[in-house]
Amino acid sequence: MTIDSVKSNENKKRMIIEGKLKKAKAAVLESEKQYRILVENANEAIVVVQDGMLKFVNPKAIEITGYSEEELLTKVFTEFIHKEDRQMVLQRHLKRLKGENLPHVYPFRIVAKNGLIRWVEVNAVVIDWQGKKATLNFMSDITERVKSEQALRESENRYRELADLLPQTVFETDIHGNVTFANVQAFKSTGYSQKDIDTGFDAMKLFLPEDQESILKLFNKVLDEKEDVSGEYNILRKGGSIFPAIIYLNPVVRSGKSVGTRGILIDITERKKNEEEILKVQKLESINLMASGIAHDFNNFLTVIINNLSLVKLYKDGDDLQERIIDAENAAIQAAKLTKQLLTLSKNSKPEKKITNIVELVRDSINLTLSGSNVKYHLSMPDGLWFADIDVEQIQRVISNIIINADQAMSNGGKIVINLNNISKEDCNFLQLEPRRYIKISITDNGIGISDEHLKRIFDPYFSTKQKGSGLGLATAYSIVKSHGGTIKVESKINVGSTFHIYLPASDANITIEKADPKPVKRPIKGQGKILVMDDEMRIRELLEEMLSSFGYSVTTAFDGVEAIELYRKAKESEKPFDVVIMDLTIPGGMGGKEAIKRLLEYDPEIKAIVSSGYSNNPIMSDYKRYGFVDVIPKPYHPTELSQVVHRVIEK
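Residues numbered from 1 in each chain as written. Predicted model: local features only at pLDDT ≥ 70, side-chain atom pairs only at ≥ 80, totals over all residues. Heavy atoms only, no water.

1. As for the packing of aromatic side chains
Filter applied, for reference: For this analysis, a ring pair means two rings from Phe, Tyr or Trp (six-membered ring only for Trp) whose centres lie within 6.5 Å, classed as stacked if their planes differ by under 30 degrees, edge-to-face if by over 60, and tilted for the remaining angles. Labels follow the DSSP assignment, with helices taken as runs of H or I lasting at least four residues and strands as runs of E lasting at least two, numbered in each case from the N terminus. Exposure classes here rest on a 1.4 Å probe applied to the protein chains alone. A residue is buried below 20% of its type maximum, exposed above 50%, and partly exposed in between.
Going through the model one piece at a time under the given rule, you end up with seven aromatic pairs. Aromatic pair Tyr106 and Phe108: ring centres 5.9 Å apart, planes at 40°, arrangement tilted. Seen in terms of ring centroids, Phe207 and Tyr233 are 5.9 Å apart; in terms of plane orientation they differ by 80°. Their pairing is edge-to-face. Residue Phe207 is found in the loop between helix 7 (194–198) and helix 8 (212–225), and its partner Tyr233 is found in strand 8 (residues 229–236); the two are separated by 26 residues along the sequence. Overall, Phe207 belongs to the buried group, its relative accessible area being 6%. Of the residues examined, Tyr233 reaches a relative accessible area of 10% and is grouped as buried.

Printed below as a string of structure tokens:
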């Protein structure tokens, strides 16, 4: 290889190296250019701190502080920091340079050249700057955020201070039902503390187990539908005691989304006590009025009975004797009716329900009640009116009592309008009754009306503004309708008239209506057969024996269930069994009809027994077949009724 060729090769290598160096230098320059573009256009202030001095600042740092680049690079970096934060920032800077583990991000205040204080959030890291350790600091201006947070804290403090002044419980929850805030009164009322809330407190703890499902529905309704709701509940204290309260709940909404609830609890213990006291006074007034009315009515009936019986002793026979007996009998019947009404009021005698054509019942009741009256009526109903599930006799009494009141309210004549309508299960919420179908009977008169003062007492026993009547009619009507699971509502205006709205359960069954029972005959039905009568009252046993014997029956009597069972067995074994047993339900101190029929059925499953009692509200009287009886006759009863029941049972 010649010297020239060697030189030529070296020149080529040098040119290649120079080309690579030139490209590398261009790349560095381009990189520095891109870096400078990023730094100079960054939205954050970028500064390098080394040896306590600012070694580098970008345009954003100049903008935030208001100082020039020269001013910033010639001063100690802590000079720009608020004096209350200087020590903290300096300590963190020095510790970070030593390699200690510190939070990279934290806020502090700086003082701009114009004297304004600004909040910045710094993100600091250690770097190598020109061969020595330094910190690279990225600072964001958070002045507006801090102001907003401070304003929010001040607002929350004012809210808490105001809430703590209120005498009611104020609270907030998150979407999971955890209490996030409670005022001072909340802690006083419930016995819980701020510590309970800080460790997690489910608001459901404030409610009784049986109420939790209901309050959960209320809570979800607030969150899902963003509606304000309220309700009355018993609140459970930490110690286990309870107090009544009204709760008001509304949603806490952020950006159109429910994030929790806000509520107020109002303790209504005192209000409840006051209501109870008022109710006690009203009940005492009603009891006094009722006791006075009962005494008055029974004294009248007893006076008629006693005087007639006294006169009977003076007469030997003839029409006068018969007239006195009839008069005494009528008074006794009236007393029996009064007793029946009182039993209905006392414990709501259980209705014997059956599927009934309400139109026929209402029409028959009105025709019977308005017979001979100068008041007319108009009855209307829609197509497809439902059947009613009711006790026919009791509801006839309800309709009759209300029609009597309407008739008496129009002494100069007038017109009663009766409208029948269906109320669907979906439309019955306003009634505050069991959700089901109802039949509405509206009875409207154009009479004298009822004052507001009297309107709230018209269903009280013996309350009446009329000279005639016992004052039990509407009280009995209300009690009967309530025992059916219905209700009565009244509207009235003086000199305009009144409307009674009766709501009765409709039947869900689609069956053929049974024919009406035949009307009872006016005289006793004669018959034949052996009858065993069980009753603890000697006079009743004697009367029943005499009456049934007069009807043609052979009668044996027993004092209680033990004696009745023995007599029944002896008759059965002698092959001369009893055809019917009439059993009193209650024998004080002895075996009554309930136990006796159970034992007799074990002995003779084919026994025909009739249950009888003066306690018409006893469940056995309304559901007698379930207990093994074949028929029932409530006390008191007329001889004709007794003969009909006995005849019906024997014919079975």
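2. Here's the deal with the environment of Asn43
Its location among the elements puts Asn43 in the loop between helix 1 (3–40) and strand 1 (45–50). For Asn43, a relative accessible area of 68% gives the class exposed. As a C-alpha pair, Asn43 and Ala61 span 18 residues in sequence and 9.5 Å in three-dimensional space.

3. A short note on the pattern of salt bridges
Let me state the cut-off plainly: Any Lys or Arg side-chain nitrogen found within 4 Å of a carboxyl oxygen on Asp or Glu counts as a salt bridge.
With the rule as written, the count across this model stands at 19 salt bridges. Across the salt bridge formed by Glu71 and Lys113, the nearest N and O atoms sit 3.0 Å from each other. You can see Glu71 sitting in helix 3 (residues 69–73) and its partner Lys113 sitting in the loop between strand 3 (105–111) and strand 4 (117–129), a full 42 residues away along the chain. Its salt-bridge partner being Arg599, residue Glu595 comes within 3.1 Å of it at the nearest N-O pair. Of this pair, Glu595 and Arg599 both sit in helix 17 (residues 593–603), four residues apart, roughly one helical turn. Overall, the relative accessible area of 31% leaves Glu595 in the partly exposed class.

4. Describing the nonpolar core
It is characteristic of soluble globular proteins that their nonpolar side chains tend to be buried jointly. Here is the rule we go by: What makes a nonpolar core is a set of buried Ala, Val, Leu, Ile, Met, Phe, Trp, Tyr and Cys residues whose side-chain atoms join them at distances within 4.5 Å. The contact criterion used throughout is that any non-hydrogen atoms of two residues lie within 4.5 Å.
Of all hydrophobic cores here, the largest spans 38 residues; its most connected members are Ile358, Val362, Ile399, Ile441 and Ile502. Here this core takes six residues from helix 12 (residues 392–408), the largest share from any one element. Not counting residues up to four positions away in its chain, the partners in contact with Ile399 are Leu361, Val362, Ser365, Ile366, Ile441, Ile443 and Ile502. Counting residues in each nonpolar core, the second largest holds 24 residues, with Ile565, Ala571, Ile597 and Val611 among its members.

5. Here we look at helix 8
Keep this limit in mind: Helices are assigned an expected span. That span is 1.5 Å times one less than the residue count. As used here, the arc belongs to the directions running from the helix axis to the C-beta atoms.
Given a rise of 1.5 Å per residue, 14 residues ought to cover 20 Å, and the 19 Å separating the end C-alpha atoms of helix 8 matches this to within 8%. Looking at helix 8, one finds that the buried residues are Ile215, Leu218, Phe219, Val222 and Leu223. Each buried residue of helix 8 lies within a common arc of 130° when the element is viewed along its axis, so the set occupies one face. Of the exposed residues in helix 8, the ones pointing more than 90 degrees away from its buried face are Glu213, Lys217 and Asp224. For helix 8, the elements touching its buried residues are strand 6 (169–174), strand 8, strand 9 (242–254) and strand 10 (257–267). A positive backbone phi angle near 55° is found at Lys226, which sits one or two residues after helix 8.

6. As for the sheet that holds strand 9
We count it as follows: Strand pairing follows a simple DSSP-based rule, namely that at least 2 bridges must link the two strands. To obtain each axis, a line is fitted to C-alpha atoms, and for helices this fit is confined to the stretch in contact; angles are then taken between N-to-C directions over 0 to 180 degrees.
Reading across from one edge, 7-6-10-9-8 is the order of the five strands in this open sheet, with antiparallel pairing throughout. Of all the strands in the sheet, the pair left with one neighbour each is strand 7 (179–182) and strand 8. Recorded for the sheet is a direction-independent mean angle of 30° between the axes of neighbouring strands. Where strand 6 meets strand 10, six bridges bridge the pair, whose relative direction is antiparallel. Along strand 10, the bridge assignment pairs Thr173 with Thr261. Sheet contacts for helix 5 (residues 143–165): strand 6, strand 7 and strand 10; angle to strand 7, the most-contacted strand, approximately 65°. Strands in contact with helix 8 are strand 6, strand 8, strand 9 and strand 10; relative to strand 8, the strand with the most contacts, it is inclined by about 140°.

7. A few points about the packing of helix 11 (residues 358–369) against helix 12
Packed helix pairs are specified by the crossing angle of their axes together with the interaxial distance, meaning the distance between the axes. What counts is decided by this rule: Throughout, the term roughly parallel applies to angles under 35 degrees, roughly antiparallel to angles over 145, roughly perpendicular to angles from 65 to 115, and oblique to all others. Left-handed is the label given to a crossing in which the near helix is rotated counterclockwise from the far helix by less than a right angle, and right-handed is the label when the rotation is clockwise. Polarity classes work like this: nonpolar for Ala, Val, Leu, Ile, Met, Phe, Trp, Tyr, Cys and Pro, charged for Asp, Glu, Lys and Arg, and polar for all others, with Gly in that last group.
Look at helix 11 against helix 12: their axes get within 9 Å of each other, and the N-to-C directions meet at 50°. On the basis of the axis angle, helix 11 is oblique to helix 12. Crossing handedness for the pair helix 11 and helix 12: right-handed. Across the interface between the two elements, Leu361, Val362, Ser365, Ile366 and Thr369 of helix 11 pack against Val392, Ile395, Gln396, Ile399, Ser400, Ile403 and Ile404 of helix 12. Class assignment of the residues belonging to the contact of helix 11 with helix 12 gives a composition of eight nonpolar, four polar and no charged.

8. Quick look at the sheet that holds strand 2 (residues 53–57)
Read from one edge of the open sheet, five strands run 2-1-5-4-3, paired in antiparallel fashion. Across the chains shown, the open sheet's two edge strands, defined by having one partner strand only, are strand 2 and strand 3. Taking the axes of each pair of neighbouring strands and ignoring which way they run, one obtains an average angle of 40° across the sheet. Alignment of strand 1 against strand 5 (residues 132–141), held across five bridges, turns out to be antiparallel. Of the residues in strand 5, the one forming a bridge with Val48 is Leu136. Contacts between helix 4 (residues 83–97) and the sheet are confined to strand 1, strand 3, strand 4 and strand 5, with strand 3 contributing the most and set at about 135° to the helix.

9. Quick look at the side chain of Thr173
For the record, the criterion: Nitrogen and oxygen atoms within 3.5 Å of one another constitute a polar contact, given that in protein one can donate a hydrogen and the other can accept it, and given that sequence-neighbouring residues count only through two side-chain atoms.
Within the fold, Thr173 resides in strand 6. By relative accessible area, which is 7% here, Thr173 ends up buried. Within the local environment of Thr173, its side chain forms a polar contact with the side chain of Thr261, the two groups lying 2.6 Å apart. When neighbours within four sequence positions are excluded, Thr173 is seen to be in contact with Asn178, Val179, Thr180, Ala203, Phe219, Val259, Gly260 and Thr261.

10. Details of the environment of Ala388
Within the secondary structure, Ala388 is located in strand 13 (residues 388–390). Overall, Ala388 belongs to the buried group, its relative accessible area being 0%. Ala388 sits 51 residues away from Ile439 along the chain, and the two C-alpha atoms are 7.0 Å apart. With near-sequence residues (within four places) excluded, Ala388 lies in contact with Lys354, Ile355, Thr356, Ile358, Ile439, Pro505, Ala506 and Ser507.

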